[in-house]
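# Reading the structure
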Amino acid sequence: MTKKILLFACVLVCSCYALWPRVELERENNNVAILADYREVATLARNSGVGVDEALAILKANGIRGLMVSELLGDNIDRGIGQAEMKTAKNPDTGLEGTRITIMPNAPEKELLNKWLHTRFNITDDDGTNSIILTMPSNMLRNSGMLPDIDGLLAAKRSELKIFYRPAPSPGHLSDRASIMLREVHAHYPVSVFTPSGEYVSGYPDVSRLANASRELGLPVAMVEFSRQVGEPQLNALASPLVMPLHSVTNEEMTARRISRSALRDRLIRAAVERSVRLLLLRTAPPNTSNFTFRDFAQEVKLLGEGLKSHGFNLAWPSPVFANKTLHTNIFAALAMSIVFAFSLYCWLVRMGMNDSMKARAVFGVVALVLCVVMYRVSFVARVVGAFTAPLIATEAALLAMDGNNSRKIIPAFLFAVVGGLALASFFSVADYMLRLRTFSGVKLTLILPPLLVILHDLKKRIHPESVTQFLSRPPLWGELMIILVLLAGVGLIIFRSGNVAFIPGFEARIREVLERVLIARPRTREVFVGYPSILLLSFLVRKKLFAHYREIFRIGVVLGFSSVVNSFCHFHTPITLILLREVNGLWTGLIVGVVLVALVKFVVLPLLRAVRPIMS
């Protein structure tokens, strides 16, 4: 036992040393910018009888730090938005039907708009009419970028707000125009961040032009969370480290999921606190859905700002977190992860019958040292080892917690999972994983592999009352079939929900909100209501010699709980101090829930079963 304590003290020291630069970076990265959509604000202000500049001044005082300004599409121009108009016209050279785009006579920055119009469509001849004729009919231009929204650019400049610019898609033969126009707009207005609009990134599959513009201008790309835009991952990868995570909820999602305004604010705050998102786009209420006024929106901005300040954030424009400071995996992190991997694998093999000898320990010690060097040099090996280290940690922690069905093993098992999680976090705390540009395979694997390893262990060691042969040779019990179906459905739901913040039932969302308000760092549901309660229930049932054929469901519950603990440390975008607080909160709240459930089983469920049994017989 003393040797194990020393071994994991070594892992803990190496992990903490390797994690310290990440902790410092997370502490410095505390600026958050609230953004608003210029067109939404302008419409809301006009409907409320407030001037645009006055509205932006109020929003700025309440916490807005940037304005989203989009390049207008053909559809926008056709509906009278912006400073240009579209009409059907014949091309004088070909005689075919085309589209005339004309800058309005009283448009602000008329000469600049005329220049931009010719640049946007790569037309070199200027006849002085402030218009061009395109060979394409207007219906083919509805989803193509026409002109920057000059009204929004001017309003942002007057209000001294940062600009979040949205270049629009271009027709295929003009795919380079989006990046050229981005440079043009950046040269004249304070564009501080951009991301393409539309269903696909302009130029896809070749998104290098926009990425090159980002690097040449030093202009970050806003990496929109949970976006399904085609080509966005490639653009983010090419622009890295000049990327800044952004969270937004579209009007369609707000309407379809009936997201309340208070829930929207909580979701934005949660994005900043839990996922290190530093750009928050707050949209107004969807049109025609409520009597939402500009004053309501201004108050929401104020409440959102106050909520962010209460969590220690500054309402200021952030910088790309890895633009000036890079985190590197060091040899201490590799040593910590290799030790945890080798030790967890060794423990499981010993549990399955391998001889625990000094020779075997020496072999695995050598394996750990070799893996340390190889992982430090070969990234592919590191990814594979990391992917299997996570489920092995969860498996060993769960089995340790259930050893001898002694609930006092919970604390050592918890510490083992935390130390192992810190080792994983120390190795993968680099830009690609912290910005979610690269996926860590261990998250999904930790939901699948540990239950299988524990079931194999239980059948082999006869913890389940039957052997594998006996279990497979007899007809299944109906209760067992129901348990298998429940387990499969539960595991499937957990896998489906992992990484998907939107798929949450209403009652669970309300529980989460209460826990967040009370505990600051909300513990994870699988730990509080499944993992830790399952340990106490299992221990109680074993002591009372009850339900021997059905205890496996509680053992799987324990596994899922510790898998959740380990997976928390695999969310490399979450501040490490928040993860630690979350896990501590999960432990004590889960134990309280477990004690309550044991009391219910002992004093309510079992007496009811004894009373019902004579009636059923």
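Please refer to the structure placed before this passage.
Residues numbered from 1 in each chain as written. Predicted model: local features only at pLDDT ≥ 70, side-chain atom pairs only at ≥ 80, totals over all residues. Heavy atoms only, no water.

## Points about the overall build of the protein
Within the protein, the secondary structure is distributed over 24 helices and twelve strands. The buried share of the protein, reckoned over its 617 residues, is 52%. Partitioning the intrachain contacts of the protein with sequence separation of at least 6 by distance along the chain shows that 77% fall at a separation of at least 24. If you sum the accessible surface of the protein, you get close to 28700 Å²; carbon and sulfur atoms cover 61% of it. (Helix = DSSP H or I, 4+ residues; strand = E, 2+ residues; numbered from the N terminus. Buried < 20%, exposed > 50% of the residue type's maximum accessible area, 1.4 Å probe, protein only. Contact = heavy atoms within 4.5 Å. Areas by Shrake-Rupley, 256 points an atom, 1.4 Å probe, with all protein chains shown as cover.)

## Quick word on unusual backbone geometry
Of note, the bond from Tyr204 into Pro205 is cis; its omega dihedral lies within 30 degrees of zero at 15°. Following Ser240, the chain continues into Pro241 via a peptide bond in cis, with omega recorded as 10°. In this fold, Pro241 is placed in the loop between helix H9 (232-239) and strand E10 (243-248). Backbone geometry at Glu109 places phi at a positive 50°, although glycine is not the residue there. You can see Glu109 is positioned in the loop between strand E4 (97-103) and helix H5 (110-120). Classification of Glu109 as partly exposed rests on a relative accessible area of 40%. Positive phi, close to 60°, is recorded for Glu160, a residue that is not glycine.

## Regarding the sheet that holds strand E5 (residues 131-134)
Taken in spatial order, the three strands make up an open sheet running E3-E4-E5, and their pairing is antiparallel. Each having just a single partner strand, strand E3 (84-90) and E5 make up the two edges of the open sheet. This sheet shows a mean twist of 25° between the axes of neighbouring strands, independent of strand direction. (Pairing = 2+ DSSP bridges. Axes fitted to C-alpha atoms, helices over the stretch in contact; angles between N-to-C directions.)

## Let's talk about the side chain of Ser15
Examined against the element boundaries, Ser15 turns out to sit in helix H1 (residues 2-28). With relative accessibility at 0%, the residue Ser15 sits in the buried group. In contact with Ser15, other than residues within four places in its own chain, are Ala336, Leu422, Ala423 and Ser426.

## Regarding H9
Where H9 is concerned, the buried positions are Glu232, Leu235, Asn236 and Ala239. All buried residues of H9 project into a common sector of 100° when viewed along the axis, lining one side. Lining the buried residues of H9 we find helix H8 (208-217), strand E9 (221-224) and E10. (Arc of directions from axis to C-beta.)

## Examining the packing of aromatic side chains
For the structure shown, the criterion picks out 14 aromatic pairs. Ring centres of Trp116 and Tyr189 lie 6.4 Å apart, and the angle between their planes is 65°; this geometry places the pair in the edge-to-face category. Of this pair, Trp116 sits in helix H5 while Tyr189 sits in the loop between helix H7 (177-188) and strand E8 (191-194); the two residues are 73 residues apart in sequence, bridging distant segments of the chain. Residue Tyr189 is classed as buried on the basis of its relative accessible area of 5%. A centroid spacing of 5.9 Å and a plane angle of 80° characterise the contact between Tyr433 and Phe572, whose relative ring orientation is edge-to-face. Placement of Tyr433 in helix H17 (residues 431-434) and of Phe572 in the loop between helix H23 (552-569) and helix H24 (576-616) is noted, with a sequence separation of 139 residues between them. Each member of the pair, Tyr433 as well as Phe572, carries the same accessibility label: buried. We note Lys157 situated over the ring of Tyr189; from NZ or CZ to the ring centre the distance is 5.2 Å. (Phe/Tyr/Trp six-rings, centres within 6.5 Å; stacked < 30°, edge-to-face > 60°. Lys NZ or Arg CZ within 6 Å of the ring centre and 35° of its normal.)

## What to know about the nonpolar core
Formed by 162 residues in total, the largest nonpolar core has its most connected members in Trp116, Leu308 and Phe562. Top contributing element to this core by residue count: helix H16 (residues 410-428), with 13 residues. Excluding residues that lie within four positions of it along the chain, Trp116 makes contacts with Leu147, Pro148, Ile150, Leu153, Met181, Glu184, Val185, His188 and Tyr189. Listed in part, the eleven residues of the second largest apolar core include Leu35, Leu279, Leu281 and Trp317. (Core = buried A, V, L, I, M, F, W, Y, C linked by side-chain atoms within 4.5 Å.)

## Quick look at the pairing of strand E1 (residues 31-37)
For E1, the buried fraction is high: six of the seven residues fall into the buried class. The sheet contact formed by E1 and strand E12 (residues 314-315) spans two bridges and is parallel. What sits directly across from Asn31, in E12, is Asn314. The pairing of E1 with strand E11 (residues 279-281) spans three bridges and is parallel.

## Let's talk about the pairing of E10
Along E10, six of the six residues are buried, which leaves the element largely enclosed by surrounding structure. With burial as the criterion, each face of E10 is covered, one bearing Val243, Pro245 and His247 and the other bearing Met244, Leu246 and Ser248. One ladder, built from four bridges, connects E9 with E10; its direction is parallel. If you follow Met223 over to E10, its bridge partner there is Pro245. Of the crossover connections in this fold, the one passing from E9 over H9 to the parallel E10 is right-handed. Examined bridge by bridge, E10 and E11 share three bridges and lie parallel to one another. Directly across from Ser248, in E11, lies its bridge partner Leu281. (Right-handed = clockwise from strand over helix to strand, strands pointing away.)

## Digging into the pattern of salt bridges
Taken as a whole, this structure holds 24 salt bridges when the rule is applied. Measuring nitrogen to oxygen at the nearest pair gives 3.9 Å for the salt bridge that ties Glu160 to Lys60. In this pair, Glu160 is assigned in the loop between helix H6 (150-159) and strand E7 (162-166) and Lys60 in helix H3 (residues 52-62), connecting sequence segments 100 residues apart. Its salt-bridge partner being Glu71, residue Arg120 comes within 2.5 Å of it at the nearest N-O pair. With Arg120 in helix H5 and Glu71 in strand E2 (residues 64-73), this pair connects stretches of sequence that are 49 residues apart. (Salt bridge = Lys/Arg side-chain N within 4 Å of Asp/Glu carboxyl O.)

## Remarks on the environment of Pro412
Position of Pro412 relative to the elements: it lies in helix H16. Along the chain, Pro412 and Leu400 lie twelve residues apart, while their C-alpha atoms are 7.8 Å from each other.

## Focus: the packing of H1 against H16
At a closest axis distance of 8 Å, the pairing of H1 and H16 adopts a crossing angle of 45°. Looking at the two axes, H1 sits oblique to H16. Judged by the twist between their axes, the crossing of H1 over H16 is left-handed. Contact with H1, carried on its side by Phe8, Val11, Leu12, Ser15, Ala18, Leu19 and Arg22, involves Phe416, Val419, Leu422, Ala423, Ala425 and Ser426 of H16 and no other residues of that element. Here the contact of H1 with H16 is built from residues that sort into ten nonpolar, two polar and one charged. (Parallel < 35°, antiparallel > 145°, perpendicular 65-115°, else oblique. Left-handed = near helix turned anticlockwise from the far one by under 90°. Nonpolar A, V, L, I, M, F, W, Y, C, P; charged D, E, K, R; others polar.)

## Structural notes on helix H2 (residues 38-47)
Residues spaced three or four apart along an α-helix face the same direction, because each turn holds 3.6 residues. Of the residues making up H2, those classed as buried are Tyr38, Glu40, Val41, Ala42, Leu44 and Ala45. Summarising the contacts, the buried residues of H2 are in contact with E1, H3, E2, H6, helix H10 (251-256) and helix H12 (294-310). One or two residues past the end of H2 sits Gly49, with phi positive at roughly 75°.

These figures capture arrangement, not role.
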